[in-house]
Amino acid sequence: MTCILAFTVFFLLPAPAFAAEGLNGAKLSILWALPFVGILLCIATGPVFYPHVWEHHYGKFTALWAALIVVPLFATADVHTVTTTLAHTALLEYMPFILLLLALFVVAGGIYLEGNLHDSVFTNTVLLAVGGLMASIVGTTGAAMILIRPLIRANDDRRYNAHVVVFFIFLVANIGGALSPLGDPPLFIGFLKGVDFFWTTKHLWQETLVVGGIVLAIFMVIDLYMHHREGRFTKLKDPTPDKPLKLHGKINLLLIAVIIAAILMSAQWKPGISFHIAGVDLEIQDLLRDAIFVVVAIASMAWTHKSDREANGFSWGPIQEVAILFAGIFICIVPAMAMLQAGAQGPFAALLGLVTNADGSNNAAAYFWLTGILSSFLDNAPTYLVFFQLAGGDPQVLMGAKAATLAAISSGAVYMGANTYIGNAPNFMVYAIARQAGVKMPSFFGFMVWSVLVLVPTFVLATFLFFRP
């Protein structure tokens, strides 16, 4: 409480920056962005550098950073402005975002692939390719949780198998999720902001095919070399002998179709009916969509065998953590969004200069790399939102005249989440599952060596092919 009061008194109170109609970003101090930076740094460092403290107290960290926004807001602005702003964030952005993640998390957790395939370069390559395709349908988290255990079982009789999981993180937990709003949280944020559902499918398929294809080809070469290297040793006994694959929880495939249909419905059906709550207009199609997400999650829990979820290692912990952390992120990002909306008149004018060419046009390459670098170490969903707003925040303009900019932001946020264990949520989950299964995974910096050698050159090539300045 002491630090909250100190933050309010010494930094924020002297600069009244609000009007009755909303936040005036041009008059805000850059210090308003510190809680947003702080919460992202905690999320990035907590699971790696102080995991036990983070595991038990991440909710308190989140509450502290959120309070450093909410308390000063009420101290410096009229109540109506603050409540309307926070209600807009909660009802129009946070609620549909977290309900979609909940639905996908529950549905994917009910799909269990039983059995064990014989290890080979072909088998591993096919699993990675299939996982990459699945990622845009069931989400990167969903695809990763469905396929990581079968992949580990297929390679558990090898001395060198860590590289298989590393490339699984590259392709399934990240790159493969670039083709739909279901694939990765940043893209659903874009959908909520007005980007068409199939926009990324139409505009990123070439980039994703090239980047994913190169990374998959590199994997094939490395896996072939590792198999050849292992041929010099006595073959290890396979702890999980080959067994035909069997898919459990098929009803959840139908429920995924329901989720997609609900999203498309909310984008196409515009009856013009809305409800005014706390200064926010809630469209009936969006409320129906969110209600369907909840019903789908309940149906999945009711119709999926408990044994299938147990085999998948399903628990409520991950989605609970995501819900709490993103509640804090969405609160802390409110002033940052207002400052970005102010453009050249706001405190982020220098950042705008980094991504703008001399003639005033957007520099797609700069957007790709700045979005990507920050997404490598911070959460990629709020990073996407920051640069989406920096590029103007108008979805129609970004999908049209500035399509190259939106493609750069979208691909940077999704692809470069693979650069570190903390770039995207499934990365660390896959890492933990692999270590628990006995895979000798590289350290945090060891993983970055892989990404620097494999991913960075691929992204440089993609820059020259698709985002040339």
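Note that the structure is a prediction, hence the values are computed from the model and not measured.

### Considering the environment of Thr-208
As for its position among the elements, Thr-208 is in helix H8 (residues 199-230). Taking relative accessible area as the criterion, Thr-208 reaches 10% and is therefore assigned buried. Sequence-distant contacts of Thr-208, defined by excluding residues within four places in its chain, comprise Ile-175, Ala-178, Leu-179, Gly-213 and Tyr-415. Side-chain polar atoms of Thr-208 contact the backbone oxygen of Leu-204, separated by 2.8 Å. Side-chain polar atoms of Thr-208 contact the side chain of Tyr-415, separated by 2.8 Å.

### Considering the packing of aromatic side chains
If you walk through the whole model with that rule in mind, you get 25 aromatic pairs. Ring-pair connections join several aromatic residues into one group, and the members of that group are Phe-167, Phe-170, Phe-219, Tyr-421, Tyr-431, Phe-447 and Trp-450.

### Some remarks on the nonpolar core
Counting 137 residues, the largest nonpolar core has Phe-170 and Ile-259 as its most contacted members. It is helix H4 (residues 79-109) that contributes the most residues to this core, 14 residues altogether. With sequence-adjacent residues up to four places away left out, Ile-259 is seen in contact with Leu-100, Ala-103, Leu-104, Val-107, Leu-182, Phe-293 and Val-296.

### Regarding the packing of helix H6 (residues 162-171) against helix H19 (residues 444-466)
Where H6 meets H19, the axes come as close as 11 Å, and the angle between the chain directions of the two elements is 65°. The element H6 and its partner H19 pack so that their crossing is right-handed. On H19, the residues that touch His-163, Val-166, Phe-167, Ile-169 and Phe-170 of H6 are Phe-447, Trp-450, Ser-451, Val-454 and Leu-455. The residue makeup of the contact of H6 with H19, split by class, is 8 nonpolar, 2 polar and no charged.

### Some words on a nonpolar patch on the surface
A surface patch of nonpolar side chains, amounting to about 280 Å² of accessible area, comprises Phe-122, Val-126 and Val-130. When you line up the elements, Phe-122 lands in helix H5 (residues 121-154).

### Observations concerning the packing of H4 against helix H9 (residues 251-268)
It is at 10 Å that the axes of H4 and H9 come closest, and there the two elements cross at 165°. For the element pair H4 / H9, the angle class is roughly antiparallel. Where H4 crosses over H9, the two elements pack in a sense that is left-handed. On the side of H4, the interface is formed by Leu-100, Ala-103, Leu-104 and Val-107, while H9 contributes Asn-252, Leu-255, Ile-256, Ile-259 and Ile-263. Of the residues contributing to the contact of H4 with H9, the split by class is 8 nonpolar, 1 polar and no charged.

### What to know about unusual backbone geometry
Positive phi, close to 50°, is recorded for Ala-278, a residue that is not glycine. Locating Ala-278 in the fold gives a position in the loop between strand E5 (274-277) and strand E6 (280-283).

### What to know about helix H10 (residues 284-303)
Counted at 1.5 Å a residue, the expected span for H10 with its 20 residues is 28 Å, and the 28 Å between its end C-alpha atoms agrees. Every buried residue of H10 is listed here: Gln-285, Arg-289, Asp-290, Phe-293, Val-296, Ala-297, Ala-299 and Ser-300. Where H10 is buried, its residues contact H4, helix H7 (185-192), H9, E6 and helix H11 (306-311).

### Considerations on the pairing of E6
On E6, burial follows the alternation: Val-280 and Leu-282 on one face are buried, whereas Asp-281 and Glu-283 on the facing-out side are not. Here 4 bridges tie E5 to E6, and the two strands are oriented antiparallel to one another. Its bridge partner lying in E6, His-276 is registered against Asp-281. If you look at the hairpin formed by E5 and E6, you'll find 2 residues sitting between the two strands, and Ala-278 has a positive phi there, around 50°.

### Focus: the confidence of the model for the protein chain
Mean pLDDT for the protein chain: 85, with 92% of residues reaching 70 or above. Low pLDDT (under 50) marks residues 1-21, which in the prediction has 40 contacts with non-local residues, meaning those over four places away or in another chain.

### Brief notes about the side chain of Thr-200
Residue placement: Thr-200 occurs in helix H8. With sequence-adjacent residues up to four places away left out, Thr-200 is seen in contact with Ala-178, Leu-179, Ser-180, Leu-187, Trp-205 and Ser-410.

Cut-off values and rules
Residues numbered from 1 in each chain as written. Predicted model: local features only at pLDDT ≥ 70, side-chain atom pairs only at ≥ 80, totals over all residues. Heavy atoms only, no water. Helix = DSSP H or I, 4+ residues; strand = E, 2+ residues; numbered from the N terminus. Buried < 20%, exposed > 50% of the residue type's maximum accessible area, 1.4 Å probe, protein only. Contact = heavy atoms within 4.5 Å. Polar contact = N/O pair within 3.5 Å; in protein donor to acceptor, adjacent residues only side chain to side chain. Phe/Tyr/Trp six-rings, centres within 6.5 Å; stacked < 30°, edge-to-face > 60°. Core = buried A, V, L, I, M, F, W, Y, C linked by side-chain atoms within 4.5 Å. Axes fitted to C-alpha atoms, helices over the stretch in contact; angles between N-to-C directions. Left-handed = near helix turned anticlockwise from the far one by under 90°. Nonpolar A, V, L, I, M, F, W, Y, C, P; charged D, E, K, R; others polar. Patch = residues over 30% accessible without salt bridge, like charges linked within 9 Å, V, L, I, M, F, W, Y side chains within 5 Å. Areas by Shrake-Rupley, 256 points an atom, 1.4 Å probe, with all protein chains shown as cover. Salt bridge = Lys/Arg side-chain N within 4 Å of Asp/Glu carboxyl O. Parallel < 35°, antiparallel > 145°, perpendicular 65-115°, else oblique. Expected span 1.5 Å × (residues − 1). Pairing = 2+ DSSP bridges. pLDDT = per-residue confidence, 0-100.

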